[in-house]
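Structural features, examined
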Amino acid sequence: MLQLAQRMGRAKPSAIMVIAEKAKALKATGRDVISFSIGVPNFLPGPHVYEAVRKALEHDSGQYGSNRGSNELLDAFLKHLQQAGFSGYARENLSTGVGAKHVLYNLAEALLDEGDEIAFPTPYWTSYMDIAEIVGAKVKLLPCPPTQGYKLTPQQLDAALTPSTRVFLFNNPSNPTGMVYTRAEIAALAEVLVRKPDTWIITDDIYHRMVFDGLGYHNFVHLKPELTERTIFVDSLSKTYGMPGWRVGFMAGPKAVATAVTTLNSNHITNLPEIVTAAAVAALTGPQDVTARECADFTRRRDRVHAALSAIPGVSCPRPQGAFYAFPDISAFFGKRCGDQVIADDVAFCAALLEHQGVACVPGSAFGEPRALRISYTCPAAQLEPGLKRIAAFCAALV
């Protein structure tokens, strides 16, 4: 009997996309649905990006491109890195991919053999677990509950990383929590990482331009430059420039790692499309006013979302300081009822919220934290306030 490969038994559809598709299906039936489910920026790139694409179309070569990325794109990313406080990188330290998710998958293939250990904090972005399971890695979770602000402590990191830990994967600012590590917190974690020479470090920092409250963005290599030789920085156009559908991701790290990712590209994607490359170069090198404006807008949205959630009796929500997510703990409502339905867990809470109030959120268990749910506040501005009011009304009606 013909069968699929065993690894497909470990592959699962994205939990986030499952919720988004369900909300879309309900809308198609005429239901009034407000979606807080998917983390898609509510803005488009600046006009200079589209102008660059039009010019590229006029001069399209129709040829294959570089597996690593065009020199123009790599140079644009080098400039972007310098603006983020990184130095000492050259083209040979870089590679590209079809979005940051693709880059992360390539890194898993390049760094992890089957059975190797990868460690990352909980809550985590859903694809971390999915990718690790597909490549057959052993996952070590580092729980960071709301009582510690969803943040990893140096003591946890020190205890978790052993000589058998092949990769430590770190996300700052965080999806799903929106939490941002301070300079002091990054410095303390970096001190631990210096003492763990057998572990590769991947920093997934695709939201590093979306930091609020003057907190600033900090990376381990900023504080401990000696970590550069085993740290891989991952970035993307998606969130910073409102370009998730363009699918452009980057990595910067040791030459051997960048070469490995480039080799993998040569065996599946070959290269980023010429038109997409033109858009990416324009985004990275052109005016940055759209990004700055949207960061300010998300700061205001964060304030409103956090205030509204904190005003709901029983809800606990650490104050996010980056990205565009809130991650409230709603476990106080477990065991209550919505009509005939018992709210047994986060999944039941989200299902009832969608059914009775038409608000779509992602259960926290999708991110390894079953006491919470994720709210992405990138919806159209006119929907934000009504959506928050519906959540408050739903919680108030539970008995």
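This text follows the structure it describes.
Before going into details, it helps to say that this report is about the structure given with it. For every chain, the first residue of the written sequence is number 1, and numbering continues from 1 along that sequence. Where totals are concerned, whole chains, interfaces and linings use all residues; where local detail is concerned, this predicted model gives features only for residues with pLDDT of at least 70, and gives and counts side-chain atom pairs only at 80 or more. Heavy atoms from the whole structure form the basis of all side-chain values; hydrogens and water molecules are not counted.

Some details on the overall build of the chain
Note the cut-off: Every helix listed is a DSSP run of H or I at least four residues long, and every strand listed is a run of E at least two residues long, numbered separately from the N terminus. Throughout, radius of gyration means the C-alpha value; the globule benchmark is 2.2 Å times the number of residues raised to the power 0.38. Here a residue-residue contact requires only that any non-hydrogen atoms of the pair lie within 4.5 Å.
Looking only at helices and strands, the chain has 13 helices and 14 strands in total. In terms of overall size, the chain behaves like a compact globule, its C-alpha atoms giving a radius of gyration of 21 Å where 399 residues would be expected to give roughly 21 Å. Viewed in the frame of its principal axes, the chain has a C-alpha envelope of about 60 × 60 × 55 Å. In the chain, 74% of the contacts between residues at least 6 apart in sequence involve partners at least 24 apart.

Some details on the state of the cysteines
Operational definition: Any cysteine sulfur atom paired with another within 2.5 Å is treated as part of a disulfide. Using a 1.4 Å probe on the protein chains alone, a residue whose accessible area is under 20% of its type maximum counts as buried, one over 50% counts as exposed, and one in between counts as partly exposed.
With the rule as written, the count across this model stands at 0 disulfides. Of all cysteine sulfurs, the one in Cys 350 lies closest to Cys 361, which takes part in no disulfide; the gap is 5.7 Å. Under the relative-accessibility criterion, Cys 361 is labelled buried at 2%. Cys 361 provides the cysteine sulfur closest to Cys 379, a residue in no disulfide bond, and the two sulfurs are 10.0 Å apart.

Description of the pairing of strand S6 (residues 200-204)
So the rule is basically this: Whether two strands pair depends on DSSP finding at least two bridges between them. Handedness of a crossover is defined as follows: orient the strands so they point away from the viewer, and if the path from the first strand over the helix to the second runs clockwise, the crossover is right-handed.
Taking burial as the measure, the 5 residues of S6 include 4 buried ones, the bulk of the element. Relative to S6, strand S5 (residues 165-171) is paired through 5 bridges, and the arrangement is parallel. In the strand pairing of S6, Phe 170 is matched with Thr 203. Of the crossover connections in this fold, the one passing from S5 over helix H7 (residues 183-194) to the parallel S6 is right-handed. In terms of strand pairing, S6 meets strand S7 (residues 231-236) through 4 bridges, oriented parallel. Its bridge partner lying in S7, Ile 202 is registered against Ile 232.

Thoughts on the side chain of Asn 172
We apply this condition: We define a polar contact as two N or O atoms separated by no more than 3.5 Å, with the added condition that, inside protein, one atom must be a possible hydrogen donor and the other a possible acceptor, whereas residues neighbouring each other in sequence contribute only through side-chain atom pairs.
On the secondary structure map, Asn 172 appears in the loop between S5 and H7. Judged by relative accessible area, Asn 172 falls into the buried class, the value being 1%. Of the polar contacts made by the side chain of Asn 172, one reaches the backbone nitrogen of Tyr 181; its length is 3.0 Å. Apart from the residues within four sequence positions on either side, Asn 172 is in contact with Met 179, Val 180, Tyr 181, Ile 186, Asp 204, Asp 205, Tyr 217 and His 218.

Structural notes on the layout of surface pockets
Rules: Cavity and pocket criteria rest on a 1 Å grid covering protein atoms alone: a 1.4 Å probe that fits but cannot get out defines a cavity, protein on both sides within 12 Å along at least 5 of 7 lines defines an open pocket, and an atom within 4 Å of a point defines a lining residue. Grid points are joined across faces, edges and corners, and a volume is the space filled by probe spheres set on the points.
If you add up the space inside the second largest pocket, you get close to 290 Å³. Along its surface, the second largest pocket is lined by 16 residues, and Ala 20, Lys 27, Ser 35, Ser 37 and Ile 38 are the ones closest to its centre. In terms of residue count, helix H1 (residues 15-28) provides more of the lining of the second largest pocket than any other element does, 6 residues in total.

So, the sheet that holds S6
What counts, and what does not: For every element, the axis is a line fit to its C-alpha atoms; helices are fit only across the contacting stretch, and the angle between N-to-C directions ranges from 0 to 180 degrees.
Spatial ordering of the open sheet is given by S2-S8-S7-S6-S5-S3-S4, a layout of 7 strands whose pairing is mixed. Each having just a single partner strand, strand S2 (94-97) and strand S4 (138-143) make up the two edges of the open sheet. Across the sheet, the mean angle separating the axes of adjacent strands is 20 degrees when strand polarity is ignored. Together, S2, S5, S6, S7 and strand S8 (249-252) form the strand contacts of helix H4 (residues 100-111), whose direction differs from that of S7 by roughly 155 degrees.

These figures come from the coordinates and say nothing about function on their own.
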